[in-house]
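Residue-level structure breakdown
So the chains spell out like this:
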Amino acid sequence: MLTRRLFLSDWGGMTVLVLLLAMAVAVPYANLVLPPESPWHLSTYWVALIGKFLTFALLALAIDLIWGYAGILSLGHGAFFGLGGYAMGMYLTRQIGDRGVYGNPELPDFMVFLSYESLPWYWWGFDMFWFAMLMVVLVPGLLALVFGWLAFRSRVTGVYFAIITQALVFALMLAFFRNEMGFGGNNGLTDFKDILGFPVQARETRVALFVVSALVLILAYVASRFIVTSRFGRVLIAVRDAESRARFSGYRVEHYKLWLFVFSAMLAGIAGALYVPQVGIINPGEFAPLRSIEAVLWVAVGGRGSLFGAIIGAFAVNGAKTWFTTAYPMVWLFALGALFVLVTVFLPRGLVGIFRRRRREGGA
Amino acid sequence: MSVLRNTREAMRRDRVFGFLQPEPDFALPVDTSHGTILYVDDVSVRFDGFLALNRLNLSIDEGELRCIIGPNGAGKTTMMDVITGKTRPDEGGVFFGQNIDLLSLDEYQIARGGIGRKFQKPTVFEALSVFDNLELSMASDKGAWKTLFHRLTPEQRTRIDEVLEMVGLEQQRARMAGALSHGQKQWLEIGMLLMQNPRVLLVDEPVAGMTGDETERTAELLVSLAGGHTVIVVEHDMAFVRSIARRVTVLHQGSVLAEGSMNQIQSDAKVIEVYLGEEA
Ligand SMILES: Nc1ncnc2c1ncn2[C@@H]1O[C@H](COP(=O)(O)OP(=O)(O)O)[C@@H](O)[C@H]1O
Ligand SMILES: [Mg+2]
């Protein structure tokens, strides 16, 4: 019954899920089992790269959930992604122990450098993996709860909401750039050694992180499908298209928006936490307002309001970006702009829209 | 200064953490022992100095079908906004029965408490099916957590089927609401109100844009609802008003100009001057 509800008529989502599962099996095989001489061998560079895309896809999914289904345009989801990333980064930093440049077992290098006497209170507990993982969802979730509560109950919507989310992420960036904040200033947190006892740089660890990212993305997709196919999900669409009608039908619109926003922020936090060990660094650049806008672009390109479109969009845009930045580094920003214009003009429903139209014309 | 005021408003003690408070009961115990279900008491609404409602007084009996007419800009929609909690009046009070002060309630509470509203411009959930539109409007626990795990019961299905039939949309049940004709959307919205089991229906210009035939069917529907529900209809179409009205209130410049049967209204000199005169 439930599987029917979740997957029936979600052919695109099913395809994407099957592809993700296939990746979760094929990528480890191609990297670990196949010898480097094999034409099918996948280098560790590619594993890490695609693993990073998976975390971007999770961020895009989080954005599509609120934007596509509740019409809440957040141009500040990098805030939640970054906070999740920092929580993971703090855990990884604590794992360095006395292997840092200064060899201080208690304090990370940057704190020794800034002559900290002791570990600030907000770093307590981050040496424990479970605590750090809790913070990965709690910190973004709490920020989203407070921020969303203030915004939604004052009925801030549309472009005004988008602007204040930009302000939020910008404020975080400025704050994290400051050395006094105790998060490593503009260098951020890096030089990680190991995660749960496994060396972060090792091939096997990278493959494991890849698999975990793929599985988390699949789980997040299924959970999001559960939400949007429930009555809750239809209320969201109702709110998106006719907010006052929904109010006069007896719905507390701000609650719906708030809980969805919190859930979405938690997904973004998890995405950030998976991202950091795979790229090996977290710094305030993740809070750059432009990064958040770019993430919204992935969703727009893939096609808003279908969930799997966001995943496709994240892969498509970041794939193109990787290719462009190596082949024609100067052109990328222009290409991104052009892509955005092309999509808005010719594909208002994103890449997914092409297939949808085909199917309809095919009489399916 | 406005920052300070907004901050204060946001931090009001009685509202803080409102999302953690339990939902109010759906059925407010409305006291209608004197036969009156809705009082609008000396209500004034000012928009940038302009008086949209000017000491408006109105009293509606339970089960009544009341028509409210008046020229454009008379304040009819604003009056509905005040009753349903969308606009807070600058002065005056609005009561549901003897005991419930509507001004202290939010839109969702007023809606759950039994006052349904149809907008002037038909407003339905266009990206959802006709069936879903009715399902979402149904009186039931509308808390976020409950809707996440909700399953339709057979009784609820039956109720939706009943209303589909009442508003004549059985054939359209699976269609997207956005694909309906203008008149069908009007009916769907009335159907959505009915799903709420309201005691009072506020219906803003229900036959705007309808064909003569559709208008007639709408009149029948509204007349059949009166008695079981209290129905307040705002309308421009005088023929329509004549066909359904028992009691008519004429609004002009934000206050009541005249009230009475259609015949009394039509022979009222003031009314003829400001309103009917243009048509005659
Ligand atoms: N939000 C608003 N801001 C400013 N003026 C408004 C607003 N809503 C209504 N008005 C004005 O109040 C008057 C009454 O409007 P309304 O209640 O819509 O009239 P009616 O429904 O009788 O045609 C009109 O002059 C309108 O321009
Ligand atoms: Mg009006």
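A brief look at the structure comes next.

Calculation criteria
Residues numbered from 1 in each chain as written. Chains lettered and ligands numbered in written order. Predicted model: local features only at pLDDT ≥ 70, side-chain atom pairs only at ≥ 80, totals over all residues. Heavy atoms only, no water. Helix = DSSP H or I, 4+ residues; strand = E, 2+ residues; numbered from the N terminus. Rg over C-alpha atoms; globule rule 2.2 N^0.38 Å. Buried < 20%, exposed > 50% of the residue type's maximum accessible area, 1.4 Å probe, protein only. Contact = heavy atoms within 4.5 Å. Areas by Shrake-Rupley, 256 points an atom, 1.4 Å probe, with all protein chains shown as cover. Donors = N, O, S within 2.8 Å, 3.2 Å for Na, K, Ca; no water. Pairing = 2+ DSSP bridges. Axes fitted to C-alpha atoms, helices over the stretch in contact; angles between N-to-C directions. Buried area = accessible area lost by both parts, 1.4 Å probe. Salt bridge = Lys/Arg side-chain N within 4 Å of Asp/Glu carboxyl O. Polar contact = N/O pair within 3.5 Å; in protein donor to acceptor, adjacent residues only side chain to side chain. Nonpolar A, V, L, I, M, F, W, Y, C, P; charged D, E, K, R; others polar. Parallel < 35°, antiparallel > 145°, perpendicular 65-115°, else oblique. Near = heavy atom within 4 Å. 1 Å grid on protein atoms, 1.4 Å probe; cavity = no way out; pocket = protein on both sides within 12 Å on 5 of 7 lines; lining within 4 Å. Points joined across faces, edges and corners; volume = space filled by probe spheres on them. Expected span 1.5 Å × (residues − 1). Arc of directions from axis to C-beta. Left-handed = near helix turned anticlockwise from the far one by under 90°.

Quick word on the overall build of chain A
On a plain count of helices and strands, chain A comes out with 15 helices and 4 strands. Relative to the 2.2 N^0.38 estimate, which gives 21 Å for 364 residues, the radius of gyration of chain A is 21 Å and therefore close to what a compact globule would have. Structurally, chain A occupies a C-alpha span of about 65 × 55 × 45 Å along its principal axes. The burial tally for chain A puts 55% of its 364 residues in the buried class.

Re the overall build of chain B
Secondary structure assignment for chain B yields 11 helices and 10 strands. Counting the 280 residues in chain B, one finds 53% classified as buried. Long-range contacts, defined as pairs at least 24 residues apart, comprise 68% of the intrachain contacts of chain B with a sequence gap of at least 6. Carbon and sulfur atoms form 50% of the exposed surface of chain B, whose accessible area is close to 12800 Å².

Quick word on the coordination of the magnesium ion (ligand 2)
All names here are of chain B. The protein atoms donating to the magnesium ion (ligand 2) are Thr77 (OG1) and Gln120 (OE1), with metal-donor distances spanning 2.0 to 2.3 Å. Of the two residues, Thr77 sits in helix H2 (residues 76-83) while Gln120 sits in the loop between strand E6 (115-118) and helix H4 (130-137), which places them 43 residues apart along the sequence. With relative accessibility at 34%, the residue Gln120 sits in the partly exposed group.

Section: the sheet that holds strand E8 (residues 230-234) of chain B
Where strands meet in a sheet, backbone hydrogen bonds hold them as pairs that are either parallel or antiparallel. All names here are of chain B. If you walk across this open sheet you meet the 6 strands as E6-E7-E8-E3-E9-E10, and the pairing is mixed. The sheet is open, and its two borders are formed by E6 and strand E10 (255-260), each paired with just one other strand. On average, each strand axis in the sheet is inclined to that of its neighbour by 20°, with strand direction left out of account. Each of strand E3 (65-69), strand E7 (200-204) and E8 touches helix H8 (residues 212-225); the most contacted strand, E8, lies at about 145° to it.

Quick word on the interface of chain B and chain A
With 41 residues of chain B in contact, the opposing surface of chain A contributes 31 residues. Interface of chain B and chain A: buried area, both sides summed, is about 3300 Å²; carbon and sulfur atoms make up 61% of it. Linking chain B with chain A are 5 salt bridges. Here chain B and chain A share 18 residue pairs in polar contact (both at pLDDT 80 or more) between them. Mapped by element, the contributors of at least two residues to the side of chain B that touches chain A are helix H1 (2-10), helix H3 (107-113), E6, H4, helix H5 (144-148) and helix H7 (182-195) of chain B. Residue composition of the side of chain B that touches chain A, grouped by class: 19 nonpolar, 9 polar and 13 charged.

A word on the pairing of strand E2 (residues 50-61) of chain B
All names here are of chain B. Looking at chain direction, strand E1 (residues 36-47) and E2 are connected through 8 bridges and run antiparallel. By the bridge assignment for E2, Phe47 is matched with Phe50. Connecting E1 to the antiparallel partner E2 that follows it, the hairpin turn spans 2 residues, and Asp48 within it adopts a positive phi of roughly 45°.

Describing the packing of helix H2 (residues 11-33) of chain A against helix H13 (residues 308-327) of chain A
All names here are of chain A. Following both chains from N to C, one finds H2 and H13 inclined at 50°, their axes separated by 9 Å at the closest point. Regarding the angle of H2 to H13, the classification is oblique. Contacts between H2 and H13 involve Gly12, Gly13, Val16 and Met23 on the former and, on the latter, Phe308, Ile311, Ile312 and Phe315. Grouping the constituent residues of the contact of H2 with H13 by class yields 6 nonpolar, 2 polar and no charged.

Focus on the site of ligand 1
All names here are of chain B. Phe47, Phe50, Ala52, Asn72, Gly73, Ala74, Gly75, Lys76, Thr77 and Thr78 make up every residue found near ligand 1. Here Asn72 contributes a side-chain N or O atom positioned 3.4 Å from an oxygen atom of ligand 1. With respect to ligand 1, the side chain of Thr78 contributes an N or O atom lying 2.5 Å from an oxygen atom. Here ligand 1 loses 61% of its free accessible area of 560 Å² to cover by the protein chains. For the shell around ligand 1, the elements supplying multiple residues, two or more each, are E2 and H2. The biggest single contributor to the shell around ligand 1 is H2, with 3 residues.

Details of the layout of surface pockets
Of the voids in this model, the largest pocket is the one considered here, and its volume is about 1900 Å³. Forming the boundary of the largest pocket are 45 residues, of which A:Ser9, A:Arg225, A:Val228, A:Thr229 and B:Asp132 lie nearest the centre. Secondary-structure elements contributing two or more residues to the lining of the largest pocket are helix H1 (2-7), H2, helix H3 (44-70), helix H8 (203-229), helix H9 (231-241) and helix H15 (350-361) of chain A together with H4 of chain B. Looking at the lining of the largest pocket, its residues break down into 20 nonpolar, 9 polar and 16 charged.

Topic: helix H11 (residues 253-279) of chain A
Residue and element names in this part refer to chain A. Along its 27 residues, H11 runs 39 Å from first to last C-alpha, staying within 8% of the 39 Å computed at 1.5 Å per residue. Counting buried positions along H11 yields 22 of 27 residues, so the element is predominantly enclosed. At the exit of H11 stands Gly280, carrying a positive phi of roughly 80°.

Re helix H14 (residues 332-346) of chain A
All names here are of chain A. Given a rise of 1.5 Å per residue, 15 residues ought to cover 21 Å, and the 20 Å separating the end C-alpha atoms of H14 matches this to within 8%. Among all positions in H14, only Trp332, Ala335, Leu336 and Val343 are buried. For H14, the arc enclosing every buried residue in end-on projection is 100°, short of the 170-degree limit, so these residues lie on one face. Residues of H14 that are exposed and point over 90 degrees away from its buried face: Leu333, Phe334 and Val345. On the buried face of H14, the contacting elements are helix H12 (289-302) and H13.

So, empty space enclosed by the protein
Residues and elements named next belong to chain A. Enumeration over the complete set of coordinates arrives at 2 cavities of 30 Å³ or more. Taken together, Phe56, Leu59, His77, Gly78, Phe81, Glu286, Arg291, Ser292, Glu294, Ala295 and Trp298 make up the full set of residues lining the largest cavity. At the level of elements, H3, helix H4 (77-96) and H12 are the ones that each hand at least two residues to the lining of the largest cavity. Top contributing element to the lining of the largest cavity by residue count: H12, with 5 residues. Partitioned by chemical class, the residues of the lining of the largest cavity number 5 nonpolar, 3 polar and 3 charged.

Examining the packing of H4(A) against H11(A)
Two packed helices can be described by the angle between their axes and the distance between those axes. Residue and element names in this part refer to chain A. Two elements in contact, H4 and H11, have axes separated by 6 Å at closest approach and are oriented at 45°. For the element pair H4 / H11, the angle class is oblique. In the packing of H4 onto H11, the handedness of the crossing is right-handed. Contacts between H4 and H11 involve His77, Phe80, Phe81, Gly84, Gly85, Met88, Gly89 and Leu92 from the first element and Phe261, Ser264, Ala265, Ala268, Gly269, Ala271, Gly272, Ala273, Tyr275, Val276 and Pro277 from the second. Class assignment of the residues belonging to the contact of H4 with H11 gives a composition of 12 nonpolar, 7 polar and no charged.

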